[in-house]
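Tertiary structure, described
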Amino acid sequence: MAMTVSQKILAYHAGLESVKAGQLVNAKLDLVLANDITGPVAIKQFEKSAKLVADPQKIALVMDHFAPNKDIKSAEQCKICRNFAAEQNIENFFDVGRMGIEHALLPEQGLVGAGDLVIGADSHTCTYGALGAFSTGVGSTDMCAGMMSGECWFKVPSALRFTLTGKPKKYVTGKDVILHIIGLIGVDGALYKSMEFDGDGIQYLGMDDRFTICNMAIEAGAKNGIFPVDKTALDYMKGRFKREPKIFIADPDAEYERQYIIDLSALEPTVSFPHLPENAKTRENWGDIRIDQVVIGSCTNGRISDLRAAAEILKGRKVKDGVRAIIIPATNQIYLQAIEEGLIKIFIDAGAVVSTPTCGPCLGGHMGILAAGERCVSTTNRNFVGRMGHTSSEVYLASPYVAAASAVSGRLSSPEEL
Amino acid sequence: MKVKGRVFKYGNDVDTDVIIPARYLNTTSESELASHCMEDIDAEFVKKVKNGDIIVAGDNFGCGSSREHAPIAIKASGISLVIANSFARIFYRNSINIGLPILECPAAVKAIREGDTVSCSLDEGKIFDETTGESFTAEPFPPFIREIISDGGLIKHLERRNK
């Protein structure tokens, strides 16, 4: 039976020769993840029903959403996770000082890699598909069951195939690729399905572009997004990934529900307008959008390439009067690298503020909440009603290039306009 | 398992941020979450909702975040059933796991109006609009999923099974 990459990884972890779309399988997990919002719900359930976790090495708890804690209640949530990690000997407990945004941190720390099967109580867990892992978001109950048993049941997904061809133009990034695709297929265009990427255009996408693309697979409703493992991915994992990468390749006759050919060379900087990620538009349809804030960061676009792109635009320029530009390196290691490369100085000289790693404003938590009627160009992943603050505020999803250019002009702008 | 209540009707792509805004995710208290349920899409919801009421919505209900707080808030607000054209996958799984009954039934979604009184037999997937007299059939869940829901969720189901 011919299989997709996602199906092969599920079959391997379920101990089966082959699986087919729609089949229910029980599979062994390499890692189970939760954060300071979803962790406490899982821990409360766990403590009612079990004593010891199946394998403390296969659990990661990352305090990133409302940390450093924004109020007493969120401090209590982190405390629940901290106490649990200590009781259960969970070494991969990432508190303030060690923590970063979970989906940037776990690949950086080598906790996830090619061939892995990962569930996380966070919808953007699908990010690790960039390294050739099958990883998917679940709720707290599934996370709890994963901690108890080290296993999870899955319905084997069918797949959509995205063949990427050609070389993207200057200022066209992974963010533009995924916003274009979500615009094409809609926010439920890949519901319950895998999004499998291939094609000769992949060689032009760096690791950070691929993380961004897989990160937003959930915004098309997908169960997972996954890239082939090539030299770029192997180089990233070298000296980092704690296990041997396992490379799975789709069978030549694997079945896909549909194939899309995406010519990367034809793409333009793309922005998703409020209030759905599928409202993707290129420059000619942006109109004149005056803005109040820019956010550059998050699990989608807070990595070193993203900060370099922002610095390329902001170097020697100033953030427009009346605009707040908030830049959030996704992990401490990225933050340090940005300092060493002189990027942080460029940001501060330009009049931006640089925050400690946190999910913060992306989900309307803290560190940059919008007032009524305010508009933000953000490199984050969702622009739902009220996502970053007041229900009448607006979020425009964009690449770091577009976000930085907009910070300078005070209007939604492409870098070419500066 | 039978449910009956008045209908709150919403459109497509109702996301988890409007079901329970992230600013309230600093708690796991079910009653506190329920007190902000649907706040950013329908500020009147918590004032009007009564035990047993039913939500009817379009495509992709519950899209966005994996927060289990979303189905928890809906269930704790008194809602007995959500009927939609389709559900986002994490929300779908979370609803079963915490014991919130859900059904996919586009014909019912098309016909049922805001404020109608609707009853439903979850075991058969039979939906009856008592206001208009129309009836609809949804694909019911297989027995093992129905058992999880009627036990009040996966963890309670496992506890009962292990007794």
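Residues numbered from 1 in each chain as written. Chains lettered and ligands numbered in written order. Predicted model: local features only at pLDDT ≥ 70, side-chain atom pairs only at ≥ 80, totals over all residues. Heavy atoms only, no water.

**Examining the overall build of chain B**
- Looking only at helices and strands, chain B features 8 helices and 7 strands.
- The C-alpha radius of gyration computed for chain B amounts to 15 Å, which stays within 12% of the reference 15 Å derived for 163 residues, consistent with globular compactness.
- Counting every position in chain B, which comprises 163 residues, the buried fraction comes to 62%.
- Of all intrachain contacts in chain B linking residues separated by at least 6 positions in sequence, the fraction that spans at least 24 positions is 63%. (Helix = DSSP H or I, 4+ residues; strand = E, 2+ residues; numbered from the N terminus. Rg over C-alpha atoms; globule rule 2.2 N^0.38 Å. Buried < 20%, exposed > 50% of the residue type's maximum accessible area, 1.4 Å probe, protein only. Contact = heavy atoms within 4.5 Å.)

**Looking at empty space enclosed by the protein**
- Throughout the structure, instances matching the rule amount to 3 cavities of 30 Å³ or more.
- Estimates place the volume of the largest cavity at around 230 Å³.
- Contributing to the lining of the largest cavity are 22 residues, with A:His65, A:Asp122, A:His124, A:Leu363 and A:Arg387 lying nearest its centre.
- Classifying every residue of the lining of the largest cavity by side-chain character gives 8 nonpolar, 9 polar and 5 charged.
- Each pocket or cavity is described by its volume, and for the second largest cavity that value is around 110 Å³.
- A:Ile218, A:Gly221, B:Cys63, B:Gly64 and B:Ala88 are the residues nearest the centre of the second largest cavity, which is lined by 15 residues in total. (1 Å grid on protein atoms, 1.4 Å probe; cavity = no way out; pocket = protein on both sides within 12 Å on 5 of 7 lines; lining within 4 Å. Points joined across faces, edges and corners; volume = space filled by probe spheres on them. Nonpolar A, V, L, I, M, F, W, Y, C, P; charged D, E, K, R; others polar.)

**Points about the sheet that holds strand β10 (residues 224-226) of chain A**
Residues and elements named next belong to chain A.
- Sheet architecture is open: 4 strands sit in the order β10-β9-β8-β11, paired in parallel fashion. A strand with exactly one partner marks an edge of an open sheet, and here the two such strands are β10 and β11 (258-263). The average angle at which neighbouring strand axes cross in this sheet is 20 degrees, direction not considered.
- Relative to β11, strand β8 (residues 159-165) runs parallel, the two sharing 6 bridges. (Pairing = 2+ DSSP bridges. Axes fitted to C-alpha atoms, helices over the stretch in contact; angles between N-to-C directions.)

**Examining the packing of aromatic side chains**
- Enumeration according to the criterion identifies 16 aromatic pairs over all chains in this entry.
- Both rings, one in A:Tyr192 and one in B:Tyr92, keep their centres 6.0 Å apart while their planes meet at 75 degrees; by these two values the pair is edge-to-face. A residue pair is termed interchain when its members come from two chains, as with A:Tyr192 in the loop between α6 (174-185) and β9 (194-198) and B:Tyr92 in helix α5 (residues 89-98).
- What makes A:Tyr192 partly exposed here is its relative accessible area of 32%.
- A ring pair is formed by B:Phe61 and B:Phe87, whose centres lie 6.0 Å apart and whose planes are at 80 degrees; its orientation type is edge-to-face. In this pair, B:Phe61 sits in the loop between β2 (54-57) and α4 (69-76) while B:Phe87 sits in the loop between β3 (81-84) and α5, placing the two residues 26 residues apart along the sequence.
- A connected cluster of aromatic rings, assembled from ring pairs, spans A:Tyr192, B:Phe61, B:Phe87, B:Phe91, B:Tyr92 and B:Phe141.
- Against the face of A:Tyr236 rests A:Arg240, its NZ or CZ located 4.1 Å from the ring centre.
- Seen from the ring of A:Phe273, A:Lys281 lies directly overhead, with NZ or CZ sitting 4.4 Å from the centre. (Phe/Tyr/Trp six-rings, centres within 6.5 Å; stacked < 30°, edge-to-face > 60°. Lys NZ or Arg CZ within 6 Å of the ring centre and 35° of its normal.)

**Remarks on the packing of helix α10 (residues 304-314) of chain A against helix α12 (residues 343-350) of chain A**
All names here are of chain A.
- Two elements in contact, α10 and α12, have axes whose closest approach is 9 Å; the angle formed by their N-to-C orientations is 45 degrees. As the angle between them shows, α10 and α12 are arranged oblique. Of the two possible hands of crossing, α10 and α12 adopt the one that is left-handed. Contact residues: Ile304, Leu307, Arg308, Ala310, Ala311 and Leu314 in α10; Leu343, Ile346, Phe347 and Ala350 in α12. (Parallel < 35°, antiparallel > 145°, perpendicular 65-115°, else oblique. Left-handed = near helix turned anticlockwise from the far one by under 90°.)

**Focus on the sheet that holds strand β5 (residues 117-120) of chain A**
All names here are of chain A.
- Read from one edge to the other, the open sheet built from 5 strands follows the order β4-β3-β2-β5-β6, with strand pairing classed as parallel. Because the sheet does not close on itself, it has two edges, and the strands there are β4 (93-94) and β6 (134-137).
- In this sheet, β4 lies alongside strand β3 (residues 59-62) in parallel orientation, the contact comprising 2 bridges. Considered in β4, the bridge of leucine 61 is made with phenylalanine 93.

**Brief notes about the interface of chain A and chain B**
- Opposite the 46 residues of chain A that make contact, chain B presents 36 residues.
- When chain A packs against chain B, close to 3,300 Å² is buried across both sides, 54% of that on carbon and sulfur atoms.
- Ionic pairing is found between A:Arg387 and B:Asp17, a salt bridge with its closest N-O pair at 2.8 Å.
- At the junction of chain A and chain B, the tally comes to 18 residue pairs in polar contact (both at pLDDT 80 or more).
- Elements represented by at least two residues in the side of chain A that touches chain B include exactly α2 (38-49), α3 (72-87), β6, α5 (140-149) and β7 (151-155) of chain A.
- A class-by-class count of the residues in the side of chain A that touches chain B yields 19 nonpolar, 16 polar and 11 charged. (Buried area = accessible area lost by both parts, 1.4 Å probe. Salt bridge = Lys/Arg side-chain N within 4 Å of Asp/Glu carboxyl O. Polar contact = N/O pair within 3.5 Å; in protein donor to acceptor, adjacent residues only side chain to side chain.)

**With respect to α6(A)**
Residues and elements named next belong to chain A.
- Compared with the 16 Å implied by 1.5 Å per residue over 12 residues, the 17 Å span of α6 between its first and last C-alpha is a close match.
- A large share of α6 lies buried, amounting to 9 of its 12 residues.
- Just downstream of α6 lies glycine 186, where phi reads positive at about 90 degrees. (Expected span 1.5 Å × (residues − 1).)

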